Amino acid sequence: MKSLAELEEIRKNTLDQIKMRKNKDGIRIVVGMATCGIAAGARPVMNALVEEIGKRKLRDVSVTMTGCIGVCRLEPIVEVYNADGSKVTYVKMTPEKAARVVAEHIVNGRVCQDLTIGAAEAAEKAKAADN
Amino acid sequence: MREIALHILDIMQNSVAAGSSRIDTVLTAEYETGTLTVTVEDDGCGMDKEMLEKVADPFTTSRTTRKVGLGIPLLKASCERSGGNFHISSEKGSGTTVTAVFGIDHIDRPVLGDLAGVVADMSAAFPSMDITLKLVCGTKQFLYSSSQTERILGEVPISEPAVVKWLKDYINEGINEIFGGVLSEITG
């Protein structure tokens with residue numbers, strides 16, 4: 001059985017790392033977690049992001065959640081706020097795509113253009129024109 | 001929603017939107033009635049009688065981006081499908097309580113799902129709120145409070161990955177301890 005004393009242990013172990021990180025600007029990842037996002041599978045996507053970031057031992061990257069982003073038909077939506085303040089919006093996410101975003105965008109700084117809201121909307125427009 | 005945990009997450013997001021400083025979630029399993037009762041209580045802005053009356057209507061929402069809100073209607077349908085019922089009470093300015101009752105052994109009851117993950121992630125995402133979880137079955141109880149955890153952590157944020165992982169394991173142990181063998185999907 002776990003005891004709260006173990007938390008004290010974690011506190012001691014992480015304190016130094018936190019002090020080192022304080023001055024650095026990090027990347028913030030936000031997952032849409034309202035009814036639309038949850039129903040579309042935002043939880044597994046968020047879990048995949050956290051797992052991938054943990055696996056790669058990435059520091060200065062936080063994953064958090066927000067309410068409805070407003071484009072429910074494209075959920076699950078993941079927004080990446082880069083350290084310079086710019087934002088990339090990824091749509092129709094899956095756990096597999098989330099792992100790719102961490103590898104290509106978060107680690108290597110290359111935006112996954114084909115997963116962005118811009119690409120999704122361009123594809124929709126092209127489809128509408130065909131009809 | 002495929003899991004009770006996802007419904008709870010959804011209702012908790014309403015509490016966040018209502019500006020709550022605490023969200024208390026209680027799950028009570030009762031042998032006598034064969035029911036699992038979930039209550040989510042917050043101290044947010046609440047709502048007036050008029051809003052309360054139509055809140056289970058999918059064409060009611062407080063959001064401004066669209067005209068439909070499905071969180072509460074989906075939960076209500078889920079309860080009723082499993083032989084349970086749904087109730088919501090609220091007072092303008094003092095908070096809201098959502099009560100969802102499921103038939104434990106009904107074939108249409110959603111599984112509990114990743115409740116530990118939901119509670120740990122909500123604690124990490126909203127560190128200024130006190131997020132509590134209470135599990136009750138007979139005389140057995142499990143209690144979790146995010147603000148108590150934060151007191152132990154001191155200057156270490158609750159969103160620290162090592163902390164979140166520990167919280168998930170800790171709460172999962174509580175779930176297995178209290179609901180193992182009671183909810184068929186939890187073997188304990």
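So, here's what we can say about the structure. (Residues numbered from 1 in each chain as written. Chains lettered and ligands numbered in written order. Predicted model: local features only at pLDDT ≥ 70, side-chain atom pairs only at ≥ 80, totals over all residues.)

**Let's talk about the overall build of chain B**
Okay, so step 1: The helix and strand tally for chain B stands at six helices and six strands.
Okay, so step 2: Secondary structure elements in chain B, listed N-terminal to C-terminal, are α-β-β-α-α-β-β-α-β-β-α-α.
Okay, so step 3: Radius of gyration (C-alpha) of chain B: 16 Å, near the 16 Å computed for a compact globule of 188 residues.
Okay, so step 4: When its C-alpha atoms are laid out on the principal axes, chain B stretches across 40 × 40 × 25 Å.
Okay, so step 5: Counting every position in chain B, which comprises 188 residues, the buried fraction comes to 42%.
Okay, so step 6: Relative to all contacts within chain B whose residues are 6 or more apart in sequence, the contacts with residues 24 or more apart total 62%. (Helix = DSSP H or I, 4+ residues; strand = E, 2+ residues; numbered from the N terminus. Rg over C-alpha atoms; globule rule 2.2 N^0.38 Å. Buried ≥ 20, exposed ≤ 12 C-beta atoms within 10 Å, placed from the backbone. Contact = placed C-beta atoms within 7 Å.)

**Notes on the packing of helix H1 (residues 4–17) of chain B against helix H3 (residues 71–81) of chain B**
Residue and element names in this part refer to chain B.
Okay, so step 1: H3 packs onto H1 with a crossing angle of 145° between their chain directions and a minimal axis gap of 10 Å. The handedness of the crossing between H1 and H3 comes out as left-handed. Judged by residue contacts, His 7, Asp 10, Ile 11 and Asn 14 of H1 engage Gly 71, Leu 75 and Ser 78 from H3.
Okay, so step 2: Of the residues contributing to the contact of H1 with H3, the split by class is two nonpolar, four polar and one charged. (Axes fitted to C-alpha atoms, helices over the stretch in contact; angles between N-to-C directions. Left-handed = near helix turned anticlockwise from the far one by under 90°. Nonpolar A, V, L, I, M, F, W, Y, C, P; charged D, E, K, R; others polar.)

**As for the pairing of strand E5 (residues 130–137) of chain B**
All names here are of chain B.
Okay, so step 1: Burial of the side chains of E5 is restricted to one face: Ile 131, Leu 133, Leu 135 and Cys 137 are buried, whereas none of Asp 130, Thr 132, Lys 134 and Val 136 on the reverse face is.
Okay, so step 2: For strand E1 (residues 22–30) and E5, the ladder comprises eight bridges, and the chain directions are parallel. Within E5, the position partnered with Val 26 by the bridge is Lys 134.
Okay, so step 3: Relative to strand E6 (residues 140–145), E5 runs antiparallel, the two being bridged by six bridges. By the bridge assignment for E6, Lys 134 is matched with Leu 143.
Okay, so step 4: Counted between consecutive antiparallel strands, the loop separating E5 from E6 contains two residues, among which Gly 138 sits at a positive phi close to 60°. (Pairing = 2+ DSSP bridges.)

**Brief notes about the pairing of strand E1 (residues 27–32) of chain A**
Taken residue by residue, a regular strand's side chains alternate between the two faces of the sheet.
Okay, so step 1: The sheet contact formed by E1(A) and strand E2 (residues 61–66) of chain A spans six bridges and is parallel. Looking across to E2(A), one finds that A:Gly32 is bridged to A:Thr66.

**Comments concerning the environment of B:Asp169**
Okay, so step 1: Secondary-structure assignment places B:Asp169 in helix H6 (residues 161–179).
Okay, so step 2: Under the C-beta neighbour-count criterion, B:Asp169 is labelled partly exposed, with 14 such atoms within 10 Å.

**So, H3(B)**
Okay, so step 1: If you check which residues of H3(B) are buried, you get B:Gly71, B:Ile72, B:Leu75, B:Lys76, B:Ser78 and B:Cys79. Down the axis of H3(B), the smallest arc covering the buried residues is 160°, so these residues share one side.
Okay, so step 2: Where H3(B) is buried, its residues touch helix H2 (35–40) of chain A together with H1, strand E3 (85–91) and strand E4 (95–103) of chain B. (Arc of directions from axis to C-beta.)

**With respect to the packing of H1(B) against helix H4 (residues 115–125) of chain B**
All names here are of chain B.
Okay, so step 1: Running from N to C, H1 and H4 cross one another at 20°; their axes reach a closest spacing of 8 Å. The angle between H1 and H4 falls in the class roughly parallel. For the element pair H1 and H4, the recorded crossing hand is right-handed. Across the interface between the two elements, Ala 5, Ile 8, Leu 9 and Met 12 of H1 pack against Leu 115, Val 118 and Met 122 of H4.
Okay, so step 2: The residue inventory of the contact of H1 with H4, partitioned by class, reads seven nonpolar, no polar and no charged. (Parallel < 35°, antiparallel > 145°, perpendicular 65-115°, else oblique.)

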